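Per-entry structural report
Read off the chains here:
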Amino acid sequence: MALIEVSSPHAAPAAPTRHVLRILLRSPMGAIGAAMLLVGVVFAVAAPLIAPYDPYETVHVTIDDIYQQPSAAHLLGTDDAGKDVLSGLIYGARVSLLVGFSAAFIALLIGGVVGIVAGYRGGRIGSALMRITDFFLVIPDLALQIVIVAIAGQSLTNIILVIGALGWTTTARLVRSQTLSVRERKFVLRARAIGAGDWHILRRHILPQVLPLMLANMVLVISLAILAESTLAFIGLGDPTVISWGQMLNFAFGRGAVSAGAWWALLTPGLAIVWVVLGTTLLGTTLEEVLNPRLKRHHLEKDRSMAIPPRSAAEVALAAPARDPDGPILQVRDLAIEFESPGGPLRAVDGVSFDLRRGETIGLVGESGSGKTTAMLGMMRLLAPGGRLVGGQVFLDGEDLMTLPDAELRAVRWSRISVVFQGAMNALNPVRTVGDQVAEAIRVHEPEVGADGARVRAEDLLERVGIGRQRFDDHAHAYSGGMRQRAMIALALACRPDVIVADEPTTALDVMVQAQIMELLASLGREMGMGTILVTHDLGVVASSCDRVLVMYGGRIAEEGPTSRLFSDPQHPYAQLLLASFPDLAAPDRELRGIPGTPPRLDAMPPGCSFAPRCPAAFDRCRVERPGEYPVGEGRRAACFLLDPQGANRG
Ligand code: SF4
């Protein structure tokens, strides 16, 4: 089948400068703020060229020189020392902006590091960093600045350091919340799943998402730093060797400008401070409002699941199956997962076991909330927050993933077991090219390949999945839905894994594209000898592409069997109702039946068989006792008392 798709008409992402310009053009307030700040910057940079007099030049002062009114010779009059106020104002911009930018940079550095570490690491480290931040937040900045500058000395360097070192708290809180939001996005989960380390994830995935907001916040911190410097200078704690606006105010107030009626000596530096602070505030607020991505939270998260405590070597030796080249590549045994809740732990996956062979495709089906995705993520120790593995083993070619140290598990993820995530748009980082993300997995696991080699292989993969190597440098939003899903498949194949977990890989795609994607997955799986687990609601997709089916309900396997036999003769009442609720093209006249009721909530799981409240065949025993798994033919099993070979024992 020809795999031809048309990309979406979205334009390529704008360059950052163009993006900022577009924001400013769209927001008059932002544009006004930028223009006001620009005036200040031009004054500061071009001061020696545009200032009519040297403000540092010592003048011979007579009574006629001081507090001269504005005139053609002195457009803004003169001050108490007979110096030109306009020249002081222009040179003062240098000091105010130097302090503002430098202190804001220091605050950005400290606040950025604290916020990113607190948000990314979370837990005790995150809480401790936030407590420290809160402590600094409640300390009155100005009082501390006055004390430190008075003790350390009134140099410009000290003023910059003090303002910067005390002005990082809001940045830290903002960056932390943004990092918390970004780290929960699916592309970060994908990066973890490919085995990328923390530093790599921070540098390549978190920072690019957080940095724009940090820079917008920095503009706001500049205004606060300028205000702080002006305040210090006004109360006489400025650097006496330089001219700043605060200092001009200090001189004017202290040396009789009020009694002399020299309003120009007071008003002009005051207005200059207001001008720049207002400009930076307008600009910073606009940038922050627009650049804050308000990233959506996703229920999938990075690896917070605890590995099951390691067993002794003797236990492992007893439990681990012998490696068999012809045996299953993946063996899951009694997998159990719980989530923390205020009312105690809730069991989401309960005793799930199955085998997967090379070249085989298993369909994992069931209604939403049956535990399908949780079981798969738990298998890779990539659980949602609060999720915990509480039992079971997962052997990948004889190696138990549950007890593998984190570093070794990272090496296994993606190189040996990879995931095609649901919702490819969320799983691809929007600010990086798709090709680079495919190459990223190769670079992480096979650094010896090198950047060029990884690119060539990634281009080959894009070609292989029908996208074409020429789309390597496009971003995800320039791909159509089908192409993004193909890109996810290319990504999953990047390191030639033994097992692929495809979680709803065709959701939201039209039927034709669904068929293409499934055919692609199946053919590549057979060709590369991979085992594939297809997690889906779509029984039609399972019927056409899976060798075996696992029907899940209430966190357990309700029934397992070869696809054709299970579909033609389901044994478990839930499997029967599930299949009866799905249209059958071979029997278009068959009446569709819905399953009565809704799946059980985790916090209201029935004590006996979890399907009992909805099961038309339920009897007393079902409500108090949990059924075991009983064989129902070759390669088949089902968890229902009705299938107990010892008899249903309805009594
Ligand atoms: S054990 Fe009972 S309630 Fe559960 S599926 Fe079988 S008959 Fe229905």
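Residues numbered from 1 in each chain as written. Predicted model: local features only at pLDDT ≥ 70, side-chain atom pairs only at ≥ 80, totals over all residues. Heavy atoms only, no water.

Quick notes on the sheet that holds strand 1 (residues 330-339)
The four strands lie next to each other as 2-1-4-5, forming an open sheet whose pairing is antiparallel. Here the strands that pair on one side only, and so sit at the sheet edges, are strand 2 (346-356) and strand 5 (399-400). Strand direction decides the pairing type here: strand 1 and strand 2, joined by eight bridges, are antiparallel. Across the sheet, residue Ile337 finds its bridge partner in strand 2, namely Val349. Strands in contact with helix 14 (residues 372-379) are strand 1, strand 2 and strand 4 (387-396); relative to strand 1, the strand with the most contacts, it is inclined by about 110°. (Pairing = 2+ DSSP bridges. Helix = DSSP H or I, 4+ residues; strand = E, 2+ residues; numbered from the N terminus. Contact = heavy atoms within 4.5 Å. Axes fitted to C-alpha atoms, helices over the stretch in contact; angles between N-to-C directions.)

Notes on the site of the ligand
Neighbouring the ligand are His572, Pro573, Cys609, Ala612, Cys615, Ala617, Ala618, Cys622, Pro627, Cys640, Phe641 and Leu642. Partitioning the shell around the ligand into residue classes produces 11 nonpolar, one polar and no charged. (Near = heavy atom within 4 Å. Nonpolar A, V, L, I, M, F, W, Y, C, P; charged D, E, K, R; others polar.)

Examining the pairing of strand 8 (residues 531-535)
Burial of strand 8 is extensive: five of the five residues sit out of reach of the surface. Going residue by residue along strand 8, you find Gly531, Ile533 and Val535 tucked away on one face and Thr532 and Leu534 tucked away on the opposite face as well. As paired elements, strand 3 (residues 361-365) and strand 8 share four bridges and run parallel to each other. When the sheet's bridge partners are listed, Leu364 is paired in strand 8 with Val535. Pairing analysis gives five bridges linking strand 7 (residues 499-503) to strand 8, with the strands arranged parallel. Looking at the pairing, Asp503 lines up with Val535 of strand 8. (Buried < 20%, exposed > 50% of the residue type's maximum accessible area, 1.4 Å probe, protein only.)

Re the environment of Asn426
Position of Asn426 relative to the elements: it lies in helix 16 (residues 424-427). Sequence separation between Asn426 and Phe187 is 239 residues; the distance between their C-alpha atoms is 6.3 Å.

Some points on the sheet that holds strand 10 (residues 556-562)
The strands making up a sheet associate through hydrogen bonds between their backbones, and the pairing can be parallel or antiparallel. If you trace the eight strands from one edge of the open sheet to the other, you get 6-7-8-3-9-10-12-11, paired in mixed fashion. Only two strands of the sheet have a single partner each, and these edge strands are strand 6 (417-420) and strand 11 (630-631). Those strands touched by helix 19 (residues 481-493) are strand 6 and strand 7, and its axis lies near 175° from that of strand 6. Contacts between helix 23 (residues 573-580) and the sheet are confined to strand 3, strand 9 (548-553) and strand 10, with strand 9 contributing the most and set at about 105° to the helix.

A word on the nonpolar core
Leu330, Phe354, Met379, Trp414 and Ile533 are the most contacted members of the largest nonpolar core, which has 153 residues in total. Here this core gathers at least three residues from each of two domains, domain 1 (16-48 + 76-291) and domain 2 (313-416 + 495-567). Once residues lying within four places of it in the same chain are set aside, the contact partners of Leu330 are Phe354, Asp355, Leu356, Met379, Val394, Phe395, Leu396, Val499 and Ile533. Ile159, Ile163, Ala225 and Val242 belong to the second-largest nonpolar core, a separate cluster that totals 15 residues. (Core = buried A, V, L, I, M, F, W, Y, C linked by side-chain atoms within 4.5 Å. Domains from an automatic or database assignment.)

Things to note about the packing of aromatic side chains
Applying the stated criterion across every chain, the model contains seven aromatic pairs. The interplanar angle of 55° and the centroid separation of 6.3 Å between the aromatic rings of Phe619 and Phe641 together place this pair among those described as tilted. Taken together, the residues Phe619 in the loop between helix 23 and strand 11 and Phe641 in the segment after strand 12 (637-638) connect sequence positions 22 residues apart. Accessibility assignment for this pair places Phe619 and Phe641 in one class, buried. Here a set of aromatic residues connected by ring pairs shows up, and it is made of Phe135, Phe136 and Trp168. Directly above the aromatic system of Phe472 lies the positively charged group of Arg455, at a separation of 3.9 Å from the ring centroid. (Phe/Tyr/Trp six-rings, centres within 6.5 Å; stacked < 30°, edge-to-face > 60°. Lys NZ or Arg CZ within 6 Å of the ring centre and 35° of its normal.)

Section: the side chain of Thr532
Here Thr532 lies in strand 8. If we skip the residues at most four places from it in the chain, Thr532 touches Leu356, Glu360, Thr361, Ile362, Ile500 and Gly525.

Things to note about the packing of helix 2 (residues 28-45) against helix 4 (residues 85-121)
Taken N-terminus to C-terminus, the directions of helix 2 and helix 4 make an angle of 110°; their axes are 7 Å apart at the nearest point. By the criterion of interaxial angle, the relationship of helix 2 to helix 4 is roughly perpendicular. Where helix 2 abuts helix 4, its residues Leu37, Gly40, Val41, Phe43, Ala44 and Val45 lie against Ile90, Ala93, Arg94 and Leu97. The residue makeup of the contact of helix 2 with helix 4, split by class, is eight nonpolar, one polar and one charged. (Parallel < 35°, antiparallel > 145°, perpendicular 65-115°, else oblique.)

Some details on unusual backbone geometry
Unusually for a residue other than glycine, Asp397 sits at a positive phi of about 50°. Tracing the chain through its elements places Asp397 in the loop between strand 4 and strand 5. In this structure, Trp414 is a non-glycine residue whose phi angle is positive, near 75°. A residue is classified by how much of its surface remains accessible, and Trp414, at 0% relative accessible area, is buried.

Some points on the pattern of salt bridges
Scanning all chains against the criterion turns up 32 salt bridges. With a shortest N-O distance of 2.2 Å, Arg626 and Asp350 are connected by a salt bridge. Here Arg626, found in the loop between helix 23 and strand 11, pairs with Asp350, found in strand 2; they are 276 residues apart in sequence, far enough to count as distant. On the basis of relative accessibility, which here comes to 40%, the residue Arg626 falls in the partly exposed class. We note a salt bridge from Glu559 to Arg636, for which the minimum N-O separation is 2.6 Å. Of this pair, Glu559 sits in strand 10 while Arg636 sits in the loop between strand 11 and strand 12; the two residues are 77 residues apart in sequence, bridging distant segments of the chain. Comparing Glu559 with Arg636, the two get one shared label, buried. What you see here is one network of salt bridges that share partners, running through Arg455, Glu459, Asp460, Glu463, Arg469 and Asp473. (Salt bridge = Lys/Arg side-chain N within 4 Å of Asp/Glu carboxyl O.)

What to know about the pairing of strand 3
Within strand 3, five of the five residues are buried, leaving the element largely enclosed by the surrounding structure. Neither face of strand 3 is open: one carries Thr361, Gly363 and Val365, the other Ile362 and Leu364, and all of them are buried. Pairing of strand 3 with strand 9 involves four bridges; the strand directions are parallel. Each bridged residue has a counterpart across the sheet, and for Gly363 the counterpart in strand 9 is Val549.

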